[in-house]
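Okay, here's what each chain looks like letter by letter:
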Amino acid sequence: MKWKVIEKSKLPALIAELASEYEIFAPVKEKSIVSFERLSSGNEAYLGFRNTKKPPKEVFFPQTEVLFTYRIGEKDVEIVESPAVKAKMMVLGVRPCDARSFVLLDKFFSFGEHKDLYYLEKRKNTTVVGLACNHPLSTCFCTSLEGGPFGKEGMDLLLQDINDKYLIETVTERGEELVKKFPWLKDAEKADVEKAKMLSEDAENAVKSKVSVKDVSEKLDRMFDDPLWDQIYQKCLGCGVCTFLCPACCCFDILDEETEERKRVRIWDSCQFSCFTLQGSGHNPRPSGKERMRQRIMHKFNYFVKNHGESFCVGCGRCVQECPVNLDIREVVGAISTRQVE
Amino acid sequence: MENLENSIREVAEKLLSEKKVDLIIGYERGTLPLRTTPCFVDKVEDIQKLVWNASCDANLSKYVVGRKEKVGVVAKGCDARLIAVCVIEKQFPRENVVIIGVPCLGVIDRKKIEMELGDREVLEAIVEDEQIKVKGEGFDLVFPKNDFLCDSCLTCKHRNPPIYDVFVGEKVPEITEANEFAEVSSLESKSAEERWEHFKEELSKCIRCYACRNVCPLCYCKICFVDQTMPAWFGKTNDLADTMIYHIVRAFHVAGRCVDCGACSRACPMDINLRELMKKTEKIMKERYGYEAGVSLEKVPPLGEFKMDDPQEFIK
Amino acid sequence: MIKVKTAEKEWNPKILAFLCNWCSYAGADLAGISRMQYPPNIRVVRVPCSGRVNPYFIIKALQRGWDAVLVSGCHPGDCHYISGNLVARRRFAVLKDLLEYLGIEPGRVNFSWVSAAEGEKFANVVKDVVQKVKALGPTKRLVKGVVPYGKP
């Protein structure tokens, strides 16, 4: 594992050099909102954020994605063009929780016989440069979900802010290859590495919010008909804020669009929308907020655990911050973990 | 404020214990500073959960439509007006809701505080004596409350609920010297091109989460127009046309019923100023048909009736 | 796939006209029978009453690339269904005000009362609308596909 350092003042130059080879997505500040955008001459990366409003999942899984364009002829349907994937992409400034979400999404999109090539192709071609959290928010609970503010899962390089410099830690081979392209990067000194270690410990301790996820998964197996669900869902509005801003959530819908060219488009969908499970017959197996809220919690903390071995949540806290009615998933999990169940 | 909180609890307890209602819908403390969360109380023992403060910004009238039981709702002026609109539109019987009217001096706009603090997070907040005291990592600041109220509250004409069953506390003086349509008028004075560019920029941030629709008590349709298929009128993609049309049609659907409670703007995670658009519908209704939503249980919203002499200057 | 290139045509506005069956459609018919000349840019959709016109139709038309929309019905008081046009009048007022506030150019959405005897009026209304729309240019603002899909 090689440690390098770069002065903060030199980072824009490094990004500019990278931009000549890679298509870079980085956090960009627009008034009060920081979100991942494609870097171009019109914007620049902003790394002073706590966490971005929208998660970086949209780099690999855009909210609106054209799957293919087609034309209906006399006797057949012709697929006219498929979108090409950029050869070299980079997503820079990803917090460890969001990088960890890539690992979860990988499991989801490569599960089973049919792999999702739209997601996987982009993922294969992308280098992930993480940015460690020196100051977790009060709503962060990554440490309860196998993560941490200096976690390295899901990324190729981790940038660590040690005041006037960034310590660059290579995590994967791809990360090492990238660092080799910049021989002018200085090697880190022992003091730098130790400073980062200290900041890492401070940050871990700063994650005060603890959510007892471990006991919950098995318990949920026995709670499908528990009356607790009757209370939890009441204030939920059924909007899509929690699902759209969640780095792990990835439900989608597929539509055919009738513009000049016909397109098959994939768009984000939310299990909280009332029509999510509305069937062609008119029947809806999840007719009220109760079933939908139950499904959300069970998917995140039970079904995904059974299918893939871990919870489908990274503890980023966006759903807690942005829910219009302050429905706090930490409270829900807490209520479940303290619930007396046979 | 404390008196109001105790009075609300007293009223709620009385209503529940006398079985005048089966459920009380109010506010309780949230899990984050400067937040409250809707609270559903059906047992007298839980009454102490209810709170009342300047962070009671949720629109509780949302939770009334669709209920079969009798409910008592803690309602600010805007909430009470929306309940009235839903009653006029026959969404539930008037006798099934007890409106606990509470005078409101405005709710705090968390977004204004976030703008002020930038990347700093509020860890503790106390609101007292017209001041908001916020503390966090490396800061301890005091803000004058009136500078951080929601925009909709700054021009509110009904701080006292116009319709109620029980009134808690004393009536507060109404604002008389505020032009509620100032923002709208300023946009109207711009050219069509400028307005288009402005709305395009604002609405391109939209992530179609439908928080604005779901937080609005007037959006109670079982299947929203945007979810309709066969035919699918408008798309759900992020294409700018789809997004703008969603907002235009939603504005049209709430025209004449919207009371500018501000919940849609508060709920938007992308900080889109939706009030600029919704407020225009209020202005149209006031100027064309002399109508104000939710102040009377008798008057029908303008798009639900017509008169022979309606203005028609726009018709050739 | 063979592409055949044709000469670049000068843009001509395409206007969608919803005409109520009892008054405006008959008025348009009268204009035709009387050989009155008016621009051929309108495509007519006959509806039973102007009250049948859902604001969705107008917005959808603009989204699909129609350069302008005209809705025409009976004069108030003359509606075949008594009050259809009165219901419509309020609806259209609000829709037009809202669309123009958003920045859709005035002149894209038009309304008129044309009775069955007013063939000349119909022709004049169409002339007027076409002239205004020619000055505005092709519709762009609500057309789908203008902004590339997907961000980032």
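Residues numbered from 1 in each chain as written. Chains lettered and ligands numbered in written order. Predicted model: local features only at pLDDT ≥ 70, side-chain atom pairs only at ≥ 80, totals over all residues.

Thoughts on the overall build of chain C
Then comes step 1: Each helix and strand in chain C was counted, giving 4 helices and 4 strands.
Then comes step 2: In chain C, the order of α-helices and β-strands from amino to carboxyl end is β-α-β-α-β-α-β-α.
Then comes step 3: C-alpha atoms of chain C, sized along the principal axes, occupy 55 × 35 × 30 Å.
Then comes step 4: Split into buried and exposed, the 152 residues of chain C put 52% on the buried side.
Then comes step 5: When contacts within chain C are restricted to residue pairs at least 6 apart in sequence, those whose partners lie at least 24 apart make up 83%. (Helix = DSSP H or I, 4+ residues; strand = E, 2+ residues; numbered from the N terminus. Buried ≥ 20, exposed ≤ 12 C-beta atoms within 10 Å, placed from the backbone. Contact = placed C-beta atoms within 7 Å.)

Comments concerning the overall build of chain A
Then comes step 1: Counting secondary structure elements, chain A contains 12 helices and 12 strands.
Then comes step 2: Radius of gyration (C-alpha) of chain A: 22 Å, near the 20 Å computed for a compact globule of 342 residues.
Then comes step 3: Counting only residues that meet the buried cut, chain A has 46% of its 342 residues in that class. (Rg over C-alpha atoms; globule rule 2.2 N^0.38 Å.)

Remarks on the interface of chain A and chain B
Then comes step 1: On the side of chain B, 31 residues touch chain A, which itself brings 31 residues to the contact.
Then comes step 2: When contributions to the side of chain A that touches chain B are tallied by element, the ones reaching two or more residues are helix 9 (241-245) and strand 12 (262-268) of chain A.
Then comes step 3: In terms of residue count, helix 9 of chain A provides more of the side of chain A that touches chain B than any other element does, 3 residues in total.
Then comes step 4: Residues that form the side of chain A that touches chain B fall into these classes: 13 nonpolar, 10 polar and 8 charged. (Nonpolar A, V, L, I, M, F, W, Y, C, P; charged D, E, K, R; others polar.)

With respect to the interface of chain B and chain C
Then comes step 1: Opposite the 34 residues of chain B that make contact, chain C presents 40 residues.
Then comes step 2: Among the secondary structure elements, those contributing two or more residues to the side of chain B that touches chain C are helix 6 (192-203), helix 8 (240-254) and helix 10 (275-289) of chain B.
Then comes step 3: Sorting elements by how many residues they give to the side of chain B that touches chain C places helix 8 of chain B first, with 9 residues.
Then comes step 4: In terms of residue class, the side of chain B that touches chain C is built from 21 nonpolar, 4 polar and 9 charged.

What about the sheet that holds strand 8 (residues 139-144) of chain B?
All names here are of chain B.
Then comes step 1: Spatial strand order, 6-7-8: 3 strands in an open sheet with antiparallel pairing. What marks the edges here is a single partner per strand, and that holds for strand 6 (124-128) and strand 8. The sheet shows a mean angle of 15° between the axes of neighbouring strands, taken without regard to direction. (Pairing = 2+ DSSP bridges. Axes fitted to C-alpha atoms, helices over the stretch in contact; angles between N-to-C directions.)

So, the packing of helix 6 of chain B against helix 8 of chain B
Residues and elements named next belong to chain B.
Then comes step 1: Their axes nearest at 10 Å, the elements helix 6 and helix 8 cross at an angle of 100°. In this view, helix 6 runs roughly perpendicular relative to helix 8, as classed from their interaxial angle. Listed contacts from helix 8 to Phe199, Lys200 and Leu203 of helix 6 are Leu240, Thr243, Met244 and His247. (Parallel < 35°, antiparallel > 145°, perpendicular 65-115°, else oblique.)

Brief notes about the domain arrangement of chain A
All names here are of chain A.
Then comes step 1: The domain boundaries assigned to chain A delineate domain 1 (3-206) and domain 2 (214-337).
Then comes step 2: For domain 1 and domain 2, the distance between their C-alpha centres works out to 25 Å.
Then comes step 3: When grouped by side-chain class, the residues that make up the side of domain 1 that touches domain 2 number 15 nonpolar, 8 polar and 8 charged. (Domains from an automatic or database assignment.)

Some remarks on the packing of helix 6 of chain B against helix 3 (residues 84-102) of chain C
Then comes step 1: Between helix 6 of chain B and helix 3 of chain C, the shortest axis-to-axis distance is 7 Å and the interhelical angle comes to 80°. When the interaxial angle is binned, helix 6 of chain B and helix 3 of chain C end up roughly perpendicular. Packed against helix 6 of chain B, whose contacting residues are Ala192, Arg195, Trp196 and Phe199 of chain B, the element helix 3 of chain C presents Glu100, Tyr101 and Leu102 of chain C at the interface.
Then comes step 2: Among the residues making up the contact of helix 6 of chain B with helix 3 of chain C, the classes are represented as 5 nonpolar, no polar and 2 charged.

Some points on unusual backbone geometry
Residue and element names in this part refer to chain B.
Then comes step 1: The linkage connecting methionine 230 with the following residue, proline 231, adopts the cis geometry, with an omega of 0°.
Then comes step 2: Residue placement: proline 231 occurs in the loop between helix 7 (211-215) and helix 8.
Then comes step 3: Phi at lysine 90 is positive, roughly 60°, even though this residue is not glycine.
Then comes step 4: Checked against the element boundaries, lysine 90 lands in the loop between helix 2 (77-88) and strand 5 (97-101).
Then comes step 5: Judged by C-beta crowding, with 8 C-beta atoms within 10 Å, lysine 90 ranks as exposed.
Then comes step 6: At aspartate 271, a residue that is not glycine, the phi angle is positive and equals roughly 60°.
Then comes step 7: Mapped onto the elements, aspartate 271 comes out in the loop between helix 9 (263-267) and helix 10.

A word on the sheet that holds strand 7 (residues 126-131) of chain A
Residues and elements named next belong to chain A.
Then comes step 1: Across the sheet, 8 strands lie side by side as 3-2-6-7-8-9-1-10; this open sheet has mixed pairing. At either end of the open sheet lies a strand with only one pairing partner, and these are strand 3 (33-38) and strand 10 (186-187).
Then comes step 2: The pairing of strand 7 with strand 8 (residues 157-162) spans 3 bridges and is parallel. Note that in strand 8 the partner of glycine 130 across the bridge is leucine 158.
Then comes step 3: Sheet contacts for helix 3 (residues 96-109): strand 6 (89-94) and strand 7; angle to strand 7, the most-contacted strand, approximately 150°.
Then comes step 4: Strand contacts of helix 5 (residues 173-180): strand 1 (3-7), strand 7, strand 8 and strand 9 (165-170), with the helix running at about 130° to strand 9, the strand carrying the most contacts.

What about the pairing of strand 7 of chain A?
On any regular strand, side chains alternate: one points to one face of the sheet, the next to the other face.
All names here are of chain A.
Then comes step 1: The buried count for strand 7 comes to 6 of 6 residues, which makes it a mostly enclosed element.
Then comes step 2: A two-sided burial pattern is seen for strand 7, the buried positions comprising Thr126, Val128 and Gly130 on one face and Thr127, Val129 and Leu131 on the other.
Then comes step 3: Relative to strand 7, strand 6 is paired through 5 bridges, and the arrangement is parallel. Bridged to leucine 92 within strand 7 is valine 129.

Points about helix 10 (residues 289-308) of chain A
Two residues of an α-helix separated by three or four positions point the same way, owing to the 3.6 residues in each turn.
Residue and element names in this part refer to chain A.
Then comes step 1: A maximum bend of about 55° is found in helix 10 at histidine 299.
Then comes step 2: For helix 10, the set of buried residues is Arg292, Met293, Arg294, Arg296, Ile297, Lys300, Phe301, Asn302, Phe304 and Val305.
Then comes step 3: Contact partners of the buried residues in helix 10: helix 7 (214-220), helix 8 (228-232) and helix 12 (329-337). (Bend = angle between axes of the 7 residues up to and from the residue.)

A few points about the environment of glycine 138 of chain B
Then comes step 1: Structurally, glycine 138 of chain B is set in the loop between strand 7 (131-136) and strand 8.
Then comes step 2: Sequence separation between glycine 138 of chain B and glycine 72 of chain B is 66 residues; the distance between their C-alpha atoms is 43 Å.

Some details on the pairing of strand 6 of chain A
Residues and elements named next belong to chain A.
Then comes step 1: Of all the 6 residues making up strand 6, 6 are buried; the element is thus mostly covered by neighbouring parts of the structure.
Then comes step 2: Examined bridge by bridge, strand 2 (residues 23-30) and strand 6 share 3 bridges and lie parallel to one another. Within strand 6, the residue paired with phenylalanine 25 across the bridge is valine 91.

Considering the environment of lysine 190 of chain A
Then comes step 1: Its location among the elements puts lysine 190 of chain A in helix 6 (residues 190-206).
Then comes step 2: A C-alpha to C-alpha distance of 41 Å links lysine 190 of chain A and cysteine 250 of chain A, two positions 60 residues apart in sequence.

A few points about the environment of lysine 19 of chain B
All names here are of chain B.
Then comes step 1: Inspection of the secondary structure puts lysine 19 in the loop between helix 1 (2-17) and strand 1 (23-29).
Then comes step 2: For lysine 19, a count of 8 C-beta atoms within 10 Å corresponds to the exposed category.
Then comes step 3: C-alpha separation for the pair lysine 19 and glycine 136, spaced 117 residues apart in sequence, amounts to 44 Å.

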